[in-house]
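Examining the three-dimensional arrangement
Residues per chain are reported as follows:
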Amino acid sequence: MQNYFALFQLPQQFNIEPATLDANYRTLLAEVHPDKFVNASPAARMQSMQQATLANEAYRTLKQPTARARYLLQLAGVATDEENNTAMPADFLMAQMEWREAMDDARSAKDIAALDALLKEMKSQAAALQQQVADEITQAPAEAAKTVRKLQFIDKVSEDVNALIAQLED
């Protein structure tokens, strides 16, 4: 399997330069895009399709911080086990419950500003966890797996808040 970092000529680390990822992705896609292989042999078209699919999957993974952290841990042989291990520290679970309650209150009040403030708070919490996971990936992979699970929770709640904002704006 092709290493996603190598594919985009990036260092294999959590902190990457998003602009470099974007530029290298566009360059690679320009080289392998199936439209360039319309008149090529069936094998060349198939290979182009596979390379473009790989580039898209790699880009989505590296672009999103939680997915990038999960991928780095996978490369190190550490499973985040998010599907089966949902245990979280009590303080984190309390914060989750407070976020959900704030969502419900904002939904009832149709208060988009409150939802925006909630998103800002969660984004701040996610940024702190991303910094933490950047250090943990190399120094304490088992702890990094726990941090990735927290990030996944925040990602999910953020998606729910964004969906609620969209619903209220309609």
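Cut-off values and rules
- Residues numbered from 1 in each chain as written.
- Predicted model: local features only at pLDDT ≥ 70, side-chain atom pairs only at ≥ 80, totals over all residues.
- Heavy atoms only, no water.
- Helix = DSSP H or I, 4+ residues; strand = E, 2+ residues; numbered from the N terminus.
- Buried < 20%, exposed > 50% of the residue type's maximum accessible area, 1.4 Å probe, protein only.
- Expected span 1.5 Å × (residues − 1).
- Contact = heavy atoms within 4.5 Å.

1. Here we look at unusual backbone geometry
Phi angles above zero are rare outside glycine, and Gln9 is one such case at about 55°. Along the polypeptide, Gln9 turns up in the loop between α1 (4-7) and α2 (18-32). Take Gln9: its relative accessible area is 67%, and that puts it in the exposed class.

2. Some points on helix α5 (residues 90-109)
In this model α5 runs 28 Å from its N-terminal to its C-terminal C-alpha over 20 residues, within 8% of the 28 Å that 1.5 Å per residue would give. Against the buried residues of α5 lie α6 (112-139) and α7 (141-169). One or two positions beyond α5, positive phi appears at Lys110, with a value near 55°.

3. Notes on the side chain of Gln96
Tracing the backbone shows Gln96 in helix α5. Setting aside residues no more than four positions away along its own chain, Gln96 makes contact with Phe153, Ile154 and Val157.

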